[in-house]
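Structural description and commentary
Take a look at the letters that make up each chain.
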Amino acid sequence: MLEITNLNKTFFPGTVNERKALREIDLTLAEGDFVTVIGSNGAGKSTVLNMVAGKLYPDSGNVRIDGQDVTKLADFKRAKYLGRVFQDPMAGTAPSMTIEENLALALGRGKVRALALGVTNRKRELFVEELASLELGLEKRLKTKVGLLSGGQRQALSLLMATLTGPKILLLDEHTAALDPQRAALVTRLTREIVERHRLTTLMVTHNMEQALALGTRLIMMHDGQIILDLSQAEKEKMTVKGLLGEFEKIKGAQLDDRTMLQ
Amino acid sequence: MITAVELGLIYAIMALGVYLTFRILDFPDLTVDGSFTTGAATASILIVNGTNPLVATVCAFFAGAAAGVITGLLHTKGNIDGLLAGILTMIGLYSINLRIMGKANVPLLGEDTLMSPLRANGWLGSWVSVALLLLLCLVAVAVIVWFLHTDVGMAMRSTGDNPEMIRSFGVSTDNQKILGLALSNGLVAFSGALIAQFQGYADIGMGIGIILIGLASVIVGQAIFSQRYIWLAAIAVVFGAVIYRLVIQFALGAGLEVNDMKLISAVLVVLALVLPQVGVFRKLAARIQITSRGTAKADAPEEEEKQNA
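Worth saying up front: this structure is predicted, and the values here are computed from it rather than measured. (Residues numbered from 1 in each chain as written. Chains lettered and ligands numbered in written order. Predicted model: local features only at pLDDT ≥ 70, side-chain atom pairs only at ≥ 80, totals over all residues. Heavy atoms only, no water.)

Observations concerning the UniProt feature "transmembrane region" (unreviewed entry) in chain B
Residue and element names in this part refer to chain B. When the UniProt feature table is mapped to this numbering, "transmembrane region" (unreviewed entry) covers residues 7-25, 54-75, 82-102, 122-148, 178-198, 204-225, 230-251 and 263-281. Secondary structure over residues 54-75 splits into 100% helix and 0% strand, and the C-alpha atoms at its two ends are 32 Å apart. The annotated region residues 178-198 carries 100% helix and 0% strand content, and the separation between its end C-alpha atoms amounts to 30 Å. (UniProt positions renumbered as here; feature names shortened; annotations may be inferred. Helix = DSSP H or I, 4+ residues; strand = E, 2+ residues; numbered from the N terminus.)

Set out below in structure tokens:
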């Protein structure tokens, strides 16, 4: 479903700040894969995500979605294949528009937007049904402006909007990181339910190792622009946070040794 | 007094255009000063050459829309800052407007204009013309409010509200900005064409400072009315435009000259922007907000409860 081949990206090339963000990344997600990506700051997790989303373009390499090469496609053009939830709960919704209007915007993904009324009674029925599945009572507040909702509510709504039209790939960019533990748990639970219900191919970046182990069917660890660990579902189920940290230290240590040797 | 209301209602259509860019798209568009004259020039020269005044006025709309597209392209494809893109188009339009008119002033005396029937029946300066112009404004408001609730109109609103988000739902924010600027400047030019027919001439300098009148109308109107619903905000703009003309009328009656009008406009905008920050007026505004909440649906207090729970 998602095929990333030989992806390279260097920020600020030719300057003292030159930084290789990605080094020949290869990653293939089969249909229905739910991959969690962990790694330290600057490991390249978000860079990979942004390249799939079309926010960044690689120096070399390819991104394919469902067989189609989208490497150079503008973000809004590939948006018909991609659902995205951002880290900032304020980023995924339009604050001065109502809940039903936001959902109508989401429903328009991949369609031609013309002069038909945005919110109709038929759409409203769908929205009520979908909102009810969040169990936050939002279905009774269709005409409330989204800016009045709390961060957790907005992030739950963002998640619903991103998945409303059943995108080919769902991209989650540390989407629970800015929430308090309680709301984070809620959004994590909703994520699991929604992904399972729609069988979405998902790429989720997170800082939270527990969350990375609890969610998904596959786990990837990145460091210094490379994928250093790729655990299948079976391996992942046996893994613990402590084990992950151990792996990380081991691989990081080995790499550092290699580097030191080269120098 | 009635003439001030008539003028206010015609300028209200321009102010609705300014509302589209400033409030909906969050884009400070200065093209307006040029495109207002473009509308007046286009309609006037067509009328002088024997075109049906209605057709001429519609053509003015499209001439203004074209100007808006230029600003939009400069900003989105040329990556020029929005303010500068508007200024560039505005300056360029000065020459284009002179080219359209052929001279600095085109008189419409004795020509058949949209105002001729009003004049012939002696309705100008009476409540009949006020009623007709108000009807025109309400039609414009209705069309704008309807448009902003269509799929494409909602995409435009979200472009001003959260561009990053709406791009992730497959909308080209560039195209939305260009479309919004086109509609906005189309309305502005339409208003310019009506003003030219109302006052009986088009003049190269008639657009100078128009942006301030538009801004003053939007800000004054929304200081008085709530922005809770789009239709209310749009009607507020119309009222703002009329109030603005009445203030000008009052200032002229108090002994200021026509030449002082630009200064009055500037001072009015400054007052409308600064006064709400002053303590006394802030309290007053808060009180107005509370009463308007009481009459409207009271879901804001409920909001706080939910947040606290």
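Some words on the nonpolar core
All names here are of chain B. Counting 77 residues, the largest nonpolar core has Leu9, Met14, Leu16 and Phe36 as its most contacted members. Ranked by residue count, the leading element in this core is helix H1 (residues 2-24), at 16 residues. The residues touching leucine 16, leaving out its near neighbours within four places in the chain, are Ala140, Val141, Ile144, Leu187, Ala234, Val237 and Val238. (Core = buried A, V, L, I, M, F, W, Y, C linked by side-chain atoms within 4.5 Å. Buried < 20%, exposed > 50% of the residue type's maximum accessible area, 1.4 Å probe, protein only. Contact = heavy atoms within 4.5 Å.)

Regarding helix H10 (residues 210-224) of chain B
All names here are of chain B. Between the first and last C-alpha of H10 there are 21 Å, a value that for 15 residues agrees with the 21 Å anticipated at 1.5 Å per step. Among the 15 residues that make up H10, twelve are buried, leaving the element largely enclosed by the rest of the structure. By the burial criterion, the buried members of H10 are Ile210, Ile211, Ile213, Gly214, Leu215, Ala216, Ser217, Val218, Ile219, Val220, Gly221 and Gln222. Against H1, helix H2 (32-48), helix H11 (230-253) and helix H12 (261-274) lie the buried residues of H10. (Expected span 1.5 Å × (residues − 1).)

Quick look at the sheet that holds strand S9 (residues 218-223) of chain A
Strands pair in a sheet through their backbones, by hydrogen bonds, and they do so in one of two ways: parallel or antiparallel. Residues and elements named next belong to chain A. The strand order across the open sheet formed by six strands is S6-S7-S8-S3-S9-S10, and the pairing between neighbours is mixed. The sheet terminates laterally at strand S6 (82-85) and strand S10 (226-231), the two strands that pair on one side only. Strand-to-strand twist of the sheet, defined as the mean angle between neighbouring strand axes without regard to direction, takes the value 20°. Looking at chain direction, strand S7 (residues 169-173) and strand S8 (residues 201-205) are connected through five bridges and run parallel. Directly across from isoleucine 169, in S8, lies its bridge partner threonine 201. Across the face of the sheet, helix H1 (residues 45-53) comes into contact with strand S3 (34-39), S6, S7, S8 and S9 while running at roughly 145° to S7. Lying over the sheet, helix H5 (residues 151-163) contacts S6 and S7, oriented at roughly 175° with respect to S6. (Pairing = 2+ DSSP bridges. Axes fitted to C-alpha atoms, helices over the stretch in contact; angles between N-to-C directions.)

Examining the pairing of S8(A)
Residues and elements named next belong to chain A. Of all five residues that make up S8, five are buried, and the element is covered over most of its length. Burial along S8 is two-sided: the face carrying Thr201, Leu203 and Val205 and the face carrying Thr202 and Met204 are both buried. Both S3 and S8 contribute to a ladder of four bridges, which runs parallel. Across the sheet, valine 37 pairs through a bridge with valine 205, a residue of S8. Since S7 and S8 lie parallel, the crossover through helix H6 (residues 181-198) that links them has a hand, and here it is right-handed. (Right-handed = clockwise from strand over helix to strand, strands pointing away.)

Topic: helix H4 (residues 121-132) of chain A
Spanning twelve residues, H4(A) covers 16 Å between terminal C-alpha atoms, matching the ideal 16 Å at 1.5 Å per step. Of all the residues in H4(A), the buried ones are Lys123(A), Phe127(A), Glu130(A) and Leu131(A). Down the axis of H4(A), the buried side of the element spans an arc of 95°, and every buried residue falls inside it. Looking at H4(A), the residues exposed on the side facing more than 90 degrees away from the buried face are Asn121(A), Arg122(A), Glu125(A) and Glu129(A). Contact partners of the buried residues in H4(A): helix H3 (99-107), H5 and H6 of chain A together with helix H7 (151-161) of chain B. (Arc of directions from axis to C-beta.)

Looking at the interface of chain B and chain A
On the chain A side, the residues contacting the 29 residues of chain B number 38 residues. When chain B packs against chain A, close to 2900 Å² is buried across both sides, 53% of that on carbon and sulfur atoms. For the chain B face of the interface with chain A, the top three residues by lost area are Asp151(B), Met154(B) and Phe169(B), together amounting to 23%. Where chain B packs against chain A, one counts four salt bridges. With its nearest N and O atoms 2.6 Å apart, the salt bridge here joins Asp75(A) to Arg167(B). Linking chain B with chain A are 13 residue pairs in polar contact (both at pLDDT 80 or more). (Buried area = accessible area lost by both parts, 1.4 Å probe. Salt bridge = Lys/Arg side-chain N within 4 Å of Asp/Glu carboxyl O. Polar contact = N/O pair within 3.5 Å; in protein donor to acceptor, adjacent residues only side chain to side chain.)

Quick word on the UniProt feature "domain: ABC transporter" (unreviewed entry) in chain A
According to UniProt, the positions carrying the feature "domain: ABC transporter" (unreviewed entry) are residues 2-249 of chain A. Secondary structure across residues 2-249 of chain A comprises 35% helix and 25% strand; the distance between its end C-alpha atoms is 29 Å.

Observations regarding the packing of aromatic side chains
Aromatic ring pairs are defined here through the distance separating the ring centres and the angle between the ring planes. Residue and element names in this part refer to chain B. Under the counting rule described, the total for this entry stands at five aromatic pairs over all chains. When the centroid spacing of 5.4 Å and the interplanar angle of 85° are considered together, the rings of phenylalanine 61 and phenylalanine 62 count as edge-to-face. Geometrically, the ring pair formed by phenylalanine 225 and phenylalanine 239 is tilted, given 5.3 Å between the ring centres and 40° between the ring planes. Here phenylalanine 225 is found in the loop between H10 and H11, whereas its partner phenylalanine 239 is found in helix H11, with 14 residues between them in sequence. With relative accessibility at 27%, the residue phenylalanine 225 sits in the partly exposed group. (Phe/Tyr/Trp six-rings, centres within 6.5 Å; stacked < 30°, edge-to-face > 60°.)

Description of the packing of helix H3 (residues 53-76) of chain B against helix H9 (residues 173-199) of chain B
Residue and element names in this part refer to chain B. Where H3 contacts H9, the two axes come as close as 6 Å, and the packing angle between them is 145°. Judged by the twist between their axes, the crossing of H3 over H9 is right-handed. Looking at side-chain class alone, the contact of H3 with H9 contains 15 nonpolar, ten polar and two charged residues. (Left-handed = near helix turned anticlockwise from the far one by under 90°. Nonpolar A, V, L, I, M, F, W, Y, C, P; charged D, E, K, R; others polar.)

Quick notes on the sheet that holds strand S2 (residues 19-29) of chain A
All names here are of chain A. Here four strands make up an open sheet; going across it, the order is S2-S1-S4-S5 and the pairing antiparallel. Looking at the sheet topology across the chains shown, the edges are occupied by S2 and strand S5 (68-69). Alignment of strand S1 (residues 2-11) against S2, held across seven bridges, turns out to be antiparallel. Each bridged residue has a counterpart across the sheet, and for lysine 9 the counterpart in S2 is leucine 22. With respect to the sheet, H1 is in contact with S1, S2 and strand S4 (60-65), its orientation differing from that of S1 by roughly 115°.

As for the side chain of Lys123(A)
With respect to the element layout, Lys123(A) can be found in helix H4. Ignoring sequence-local partners within four residues, the contact set of Lys123(A) consists of Leu107(A), Leu117(A), Gly118(A) and Asp151(B).

A closer look at the confidence of the model for chain B
On average, chain B scores 89 in pLDDT, and the residues at 70 or more come to 90%. Scored below 50 in pLDDT, residues 291-309 of chain B shows 16 contacts in the model against residues more than four places distant or in partner chains. (pLDDT = per-residue confidence, 0-100.)

Concerning unusual backbone geometry
Trans is the prevailing form of peptide bonds, just as negative phi is the prevailing case for residues other than glycine. All names here are of chain A. A positive phi angle is found at phenylalanine 12, which is not glycine, with a value near 50°. In this fold, phenylalanine 12 is placed in the loop between S1 and S2. Taking relative accessible area as the criterion, phenylalanine 12 reaches 52% and is therefore assigned exposed.

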